[in-house]
Amino acid sequence: MPPPQDPLYAGLGQAVRIGTELLAALIVGGGLGWAVDTYLFGTIPWGLVIGLVFGLAAGMRSAYRSAQRWQNPPTDVDKQG
Amino acid sequence: MEESPLHQFELHPWIPMSIGGVDISINKAVVFMWVVIAVASVCMVMAGSSRKLVPGKLQSLAEMMVEFIRNMILETMGKDGMRFFPLVATLFVFILFSNYIGLIPGTYTVTSQIIVTAVFSFLVYGISLVVGFSLHGVKFLGILVPPGTPGWLVPLMIPIEIISQIARPISLAVRLFANMTAGHVMLAVLFGLTVGGGVLIGWLPFVFTVAIYGLEFGIAFIQAYIFTILTCVYLGDAFHLHGHEEHAH
């Protein structure tokens, strides 16, 4: 079992994590937008477009947040507020 | 050689069964889930049975693992998080063992079924919601507005945060499933090339098969680790709403 402090494994783990976070948020955003279009208002493609934009923003935000957590140990982040 | 690289993931009922129209047939995945549970339990019980002061190989491995999980929880959730130790440790051990057992040729990787990983991730996310609402009540909805957000940004931040919250269990499930599936597909393709390539060129994909197989050992651990650490992070977010404001220590 590789030790958790190993920088290679920590880095690999972080890279894999951020990649999926970006993609998942984009898919959820687009999917919600598309669902609103199709089942609620019939305004295709506007809900999809707005949903994708929000999804992209959400993905960026969670990627940014996990990168931040990586740089400073969680206690420092909490102190900054 | 003509076999599809996805063939290994197909499940056929071994013992067909159904209760009230719900298919609960015993198939390869179910059997290997039992195998994983059995192997993990036997290993852990054996490791814990001797309890020597100077641990043997198995015992020191188990101690390392427990210490590792404990550190993960302490780093992400603090001391209060230790009450989640049984959940976190169970998830870690099950995923780790199923990833590693799946690497033995001829076995089945339970975590390459998205339903398995999805059940785990939605369970974790559900628990984090329950914990959050029971600890903080309605104030838990404040998780949708990160601290320090200017007032005019709030209407924009709420949809963004809702999406990123929904994306959490999905990315958790898809990441583990996709990594395990992709690794095994890659191995199957490369090994198919080795068999089809003959002696002259077949050695090249064979070298890659061996190399990727080695890499998969690392991936198996990393994916178990990521799933567990994110479990801790999500539970910790629900636990300490906006950092350590309310549970300062």
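It should be emphasised that the depicted structure is a prediction, and the values quoted were computed from it without experimental measurement. (Residues numbered from 1 in each chain as written. Chains lettered and ligands numbered in written order. Predicted model: local features only at pLDDT ≥ 70, side-chain atom pairs only at ≥ 80, totals over all residues. Heavy atoms only, no water.)

### Points about the overall build of chain B
For the record, the criterion: Put simply, DSSP H or I for four residues or longer makes a helix, DSSP E for two residues or longer makes a strand, and each gets a number counted from the N terminus. Two residues qualify as a contact provided that any one of their heavy atoms is within 4.5 Å of a heavy atom in the partner residue. Using the Shrake-Rupley algorithm and a 1.4 Å probe, accessible areas are obtained, with residue cover drawn only from the displayed protein chains. Counting rule applied: Lys, Arg positive; Asp, Glu negative; His and chain ends not counted. Taken as the charge centre is NZ of Lys, CZ of Arg, CG of Asp or CD of Glu, depending on the residue.
Tallying secondary structure elements over chain B gives 5 helices and 2 strands in all. Of the regular secondary structure in chain B, the N- to C-terminal order runs β-β-α-α-α-α-α. Taking as baseline every contact in chain B between residues at least 6 positions apart, the subset at least 24 positions apart corresponds to 67%. On chain B, roughly 12800 Å² of surface is accessible, and the fraction owed to carbon and sulfur atoms is 74%. Separation of charge centres in chain B, based on 10 positive and 13 negative side chains, amounts to 12 Å.

### Structural notes on the overall build of chain A
Keep this limit in mind: Burial classification: accessible surface area is computed with a 1.4 Å probe over protein chains only, and a residue below 20% of its type maximum counts as buried, one above 50% as exposed, and the rest as partly exposed.
Counting secondary structure elements, chain A contains 3 helices and 0 strands. Going from the N terminus to the C terminus, chain A shows its helices and strands as α-α-α. With 81 residues in all, chain A has 28% of them scored as buried. Taking as baseline every contact in chain A between residues at least 6 positions apart, the subset at least 24 positions apart corresponds to 49%. Counting every atom, chain A has about 4900 Å² of accessible surface; 73% of that belongs to carbon and sulfur.

### Focus: the environment of Ile26(B)
All names here are of chain B. Relative to the elements of secondary structure, isoleucine 26 occurs in the loop between strand E2 (22-23) and helix H1 (28-50). What makes isoleucine 26 buried here is its relative accessible area of 12%. Separated by 13 residues in sequence, isoleucine 26 and proline 13 have C-alpha atoms that sit 5.8 Å apart. Among all residues touching isoleucine 26, those that are not within four sequence positions of it are Pro13, Trp14, Ile15, Met17, Val31 and Trp34.

### Some remarks on the interface of chain A and chain B
Interface extent is often summarised as the accessible area lost during association of the parts. Going by this rule: By buried area we mean how much accessible surface two parts lose on assembly, using a 1.4 Å probe and totalling the loss over both. Salt bridges are identified by distance alone: a Lys or Arg side-chain nitrogen within 4 Å of an Asp or Glu carboxyl oxygen. A 3.5 Å cut-off defines polar contacts: any pair of N or O atoms within that distance qualifies, except that in protein one atom must be a possible hydrogen donor and the other a possible acceptor, and neighbouring residues in sequence count only when both atoms are side-chain atoms. In this count, Pro and Cys sit with the nonpolar residues alongside Ala, Val, Leu, Ile, Met, Phe, Trp and Tyr, while Asp, Glu, Lys and Arg are called charged and the others, Gly among them, polar.
Listed by partner, the interface residues are 27 residues for chain A and 31 residues for chain B. Buried surface at the junction of chain A and chain B, summed over both partners, amounts to about 2500 Å²; 75% is from carbon and sulfur atoms. The tally of links from chain A across to chain B stands at 2 salt bridges. Linking Arg65(A) and Glu161(B) is a salt bridge whose minimum nitrogen-to-oxygen distance equals 3.8 Å. One can count 3 residue pairs in polar contact (both at pLDDT 80 or more) joining chain A with chain B. Secondary-structure elements contributing two or more residues to the side of chain A that touches chain B are helix H1 (7-41), helix H2 (46-71) and helix H3 (74-80) of chain A. Tallying contributions element by element places H1(A) first for the side of chain A that touches chain B, with 12 residues. Of the residues belonging to the side of chain A that touches chain B, the class tally is 14 nonpolar, 7 polar and 6 charged.

### Focus on helix H5 (residues 154-239) of chain B
Along an α-helix, a turn takes 3.6 residues, which lines up residues three or four apart on a common side. Just so we agree on the cut-off: The span you would expect from a helix comes to 1.5 Å times its residue count less one. Two axes are fitted around each residue, one to the seven residues ending there and one to the seven starting there, and the angle between them is reported as the bend at that residue.
Given a rise of 1.5 Å per residue, 86 residues ought to cover 128 Å, yet the end C-alpha atoms of H5(B) are separated by just 23 Å, more than 12% below that figure. Of all the bends in H5(B), the largest measures some 155 degrees and sits at Gly198(B).

### Details of the confidence of the model for chain B
All names here are of chain B. Selection rule: Confidence scores labelled pLDDT are given residue by residue by the predictor and lie between 0 and 100.
Confidence in the prediction of chain B, expressed as mean pLDDT, is 87, and 96% of residues score 70 or more. Mean pLDDT values for the elements of chain B range from 80 in E2 up to 94 in helix H3 (residues 85-102). Here residues 244-249 is a poorly scored stretch, pLDDT under 50, and it has 12 contacts once near neighbours within four places are set aside; other chains count.

### Focus: the packing of aromatic side chains
Residues and elements named next belong to chain B. As a reminder of what qualifies: In this scheme Phe, Tyr and Trp rings, the latter by its six-membered ring, pair at centre separations within 6.5 Å, and the angle between planes marks the pair as stacked below 30 degrees, edge-to-face above 60, and tilted otherwise.
The final tally for this structure, using the stated rule, is 12 aromatic pairs over all chains. Consider the rings of phenylalanine 221 and tyrosine 225, whose centres lie 6.4 Å apart with planes at 0 degrees: the pair is stacked. Pair noted here: phenylalanine 221 and tyrosine 225 are both in helix H5, with a separation of 4 residues, about one helical turn. Exposure class is identical for phenylalanine 221 and tyrosine 225. Each is buried.

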